[in-house]
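Below, each chain spelled out in residue letters.
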Amino acid sequence: MPLAYTPPHPFRLDGRLALVTGSARGLGLNMAHALAQAGAQVLVNGRHADTVNAAVNEIQALGGQAHPAVFDIGSADAVSRAMADLRQRHGALHILVNNVGQRDRRALDDFALDDVRRLLEVNLVAPFELARQAARLMPTGGDTSMGGRIINITSIAGPISRAGDVVYTTAKGGLDALTRALAAELGPRGITVNAVAPGYFATEANHAMVADTAVAEWLGRRTSLGRWGRPDEIAGAVVFLASGAASYITGQTLAVDGGYLAHF
């Protein structure tokens, strides 16, 4: 009797190399863990070697494949050197997750233009340049289930806004638009470009807000699920969009927000 055919799991990423920016801690580290668990080799990025190496060791201790990629995504020269080193060491890149972002909550008239430019450089210009350089290293044509994947981490602050957060909201709205533009630009090469928009997650950076019972009560009323998101709950969306299961999805932004955008 012939053996039954077992097709490959649609979410497996074996043989794929992924670069996750800002992945030494927080949501980025959770994304890196998930990609490694799905079989990808993960390049853990950050500006400080000690925190990057600690994250690499953490992933490896759980059986994942991870390597350090210490560079500042805000420096075009550093990005170019990192991509040249990646090409020399690995030959190709299959998945880029543009996760790094900076926030500066201030009123409109409190911003100097240099501060505006700095935030736009990190939150919008740097992902643009990383995507452009990464696309040159990605496989093109052929089976689109194995084509390149670019995933931008935007925010629910892209489609909605509030007072006192004008520059971050502008940058994340621009990153949503960049996702669509890159999808149109890179689609003929077999590269998909999508985004994940996180809502309120209980990360280290949000420690003070997480400890505030008034915020928890507000989220209980404001979100469909009535709670903060756990950092690990961002991971499934990233693995899905990086996988062959999402081969015909491009130019989309997937909100992972507990129903914040859908709830009123």
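Everything discussed here concerns the structure shown above.
What this report covers is the structure whose coordinates are included nearby. The model shown is predicted, which means the values in this text are computed figures rather than measured ones.

### Description of the overall build of the protein
Part 1: Scanning the protein for helices and strands turns up 8 helices and 7 strands.
Part 2: Taken over C-alpha atoms, the radius of gyration comes to 19 Å for the protein, in line with the 18 Å a tight globule of 264 residues would show.
Part 3: When the backbone C-alpha atoms are referred to their principal axes, the protein occupies close to 65 × 50 × 40 Å.
Part 4: In the protein, buried positions account for 45% of the 264 residues.
Part 5: Here the contacts in the protein between residues at least 6 apart in sequence split such that 72% fall between residues at least 24 apart.
Part 6: Accessible surface computed for the protein: about 13,100 Å², of which carbon and sulfur atoms make up 55%.
Part 7: Separation of charge centres in the protein, based on 23 positive and 23 negative side chains, amounts to 4 Å.

### Focus: the pairing of strand 3 (residues 65–70)
Part 1: Where strand 2 (residues 41–46) lies against strand 3, 6 bridges are found, and the strand directions are parallel. Of the residues in strand 3, the one forming a bridge with G46 is V70.
Part 2: Taking the sense of rotation as the criterion, the β-α-β connection linking strand 2, helix 2 (residues 49–61) and strand 3 turns out right-handed.

### Details of the packing of helix 1 (residues 26–37) against helix 2
Part 1: The interhelical angle for the contact between helix 1 and helix 2, taken along N-to-C directions, is 35 degrees, at an axis separation of 10 Å. Seen along the crossing, helix 1 lies across helix 2 with a hand that is right-handed. Judged by residue contacts, L29, A32, H33 and A36 of helix 1 engage A55, E58 and I59 from helix 2.
Part 2: Its residues assigned to classes, the contact of helix 1 with helix 2 comprises 5 nonpolar, 1 polar and 1 charged.

### Digging into the pairing of strand 6 (residues 192–198)
Part 1: The buried count for strand 6 comes to 7 of 7 residues, which makes it a mostly enclosed element.
Part 2: Here 5 bridges tie strand 5 (residues 149–153) to strand 6, and the two strands are oriented parallel to one another. Residue pairing across strands places R149 opposite T192, the latter belonging to strand 6.
Part 3: Following the chain from strand 5 across helix 5 (residues 166–186) to the adjacent parallel strand 6, one finds a crossover that is right-handed.
Part 4: Pairing of strand 6 with strand 7 (residues 253–256) involves 4 bridges; the strand directions are parallel.

### What to know about the sheet that holds strand 7
Part 1: Taken together, 7 strands build an open sheet; the order of strands is 3-2-1-4-5-6-7 and the sheet is parallel. The sheet is open, and its two edges are formed by strand 3 and strand 7, each paired on a single side. Ignoring strand direction, the axes of neighbouring strands in this sheet form an average angle of 20 degrees.
Part 2: Of the strand pairs in this sheet, strand 4 (residues 95–98) and strand 5 are connected by 4 bridges, and their pairing is parallel. Residue pairing for strand 5: V97 is matched across the bridge by I151.
Part 3: Strands strand 4, strand 5, strand 6 and strand 7 of the sheet are contacted by helix 8 (residues 235–242), whose axis makes an angle of about 155 degrees with strand 5.

### Things to note about the environment of A92
Part 1: Mapping A92 onto the fold places it in the loop between helix 3 (76–90) and strand 4.
Part 2: Residues A92 and A135 lie 43 residues apart in sequence; the distance between their C-alpha atoms is 9.7 Å.
Part 3: Dropping the residues within four chain positions of it, A92 is found in contact with L17, L86 and L137.

### Things to note about the packing of aromatic side chains
Part 1: Counting across every chain of the model gives 5 aromatic pairs.
Part 2: Members of the aromatic cluster, joined through ring pairs, are Y200, W218, W228 and Y260.
Part 3: The ring of F111 is capped by R106, whose NZ or CZ atom sits 4.6 Å from the centre of that ring.
Part 4: Here the basic side chain of R222 rests over the ring of Y260, its NZ or CZ set 3.8 Å away from the ring centre.

Conventions adopted
- Residues numbered from 1 in each chain as written.
- Predicted model: local features only at pLDDT ≥ 70, side-chain atom pairs only at ≥ 80, totals over all residues.
- Heavy atoms only, no water.
- Helix = DSSP H or I, 4+ residues; strand = E, 2+ residues; numbered from the N terminus.
- Rg over C-alpha atoms; globule rule 2.2 N^0.38 Å.
- Buried < 20%, exposed > 50% of the residue type's maximum accessible area, 1.4 Å probe, protein only.
- Contact = heavy atoms within 4.5 Å.
- Areas by Shrake-Rupley, 256 points an atom, 1.4 Å probe, with all protein chains shown as cover.
- Lys, Arg positive; Asp, Glu negative; His and termini not counted.
- Charge placed at Lys NZ, Arg CZ, Asp CG, Glu CD.
- Pairing = 2+ DSSP bridges.
- Right-handed = clockwise from strand over helix to strand, strands pointing away.
- Axes fitted to C-alpha atoms, helices over the stretch in contact; angles between N-to-C directions.
- Left-handed = near helix turned anticlockwise from the far one by under 90°.
- Nonpolar A, V, L, I, M, F, W, Y, C, P; charged D, E, K, R; others polar.
- Phe/Tyr/Trp six-rings, centres within 6.5 Å; stacked < 30°, edge-to-face > 60°.
- Lys NZ or Arg CZ within 6 Å of the ring centre and 35° of its normal.

Everything listed here is a matter of coordinates, which is why it stays silent on function.
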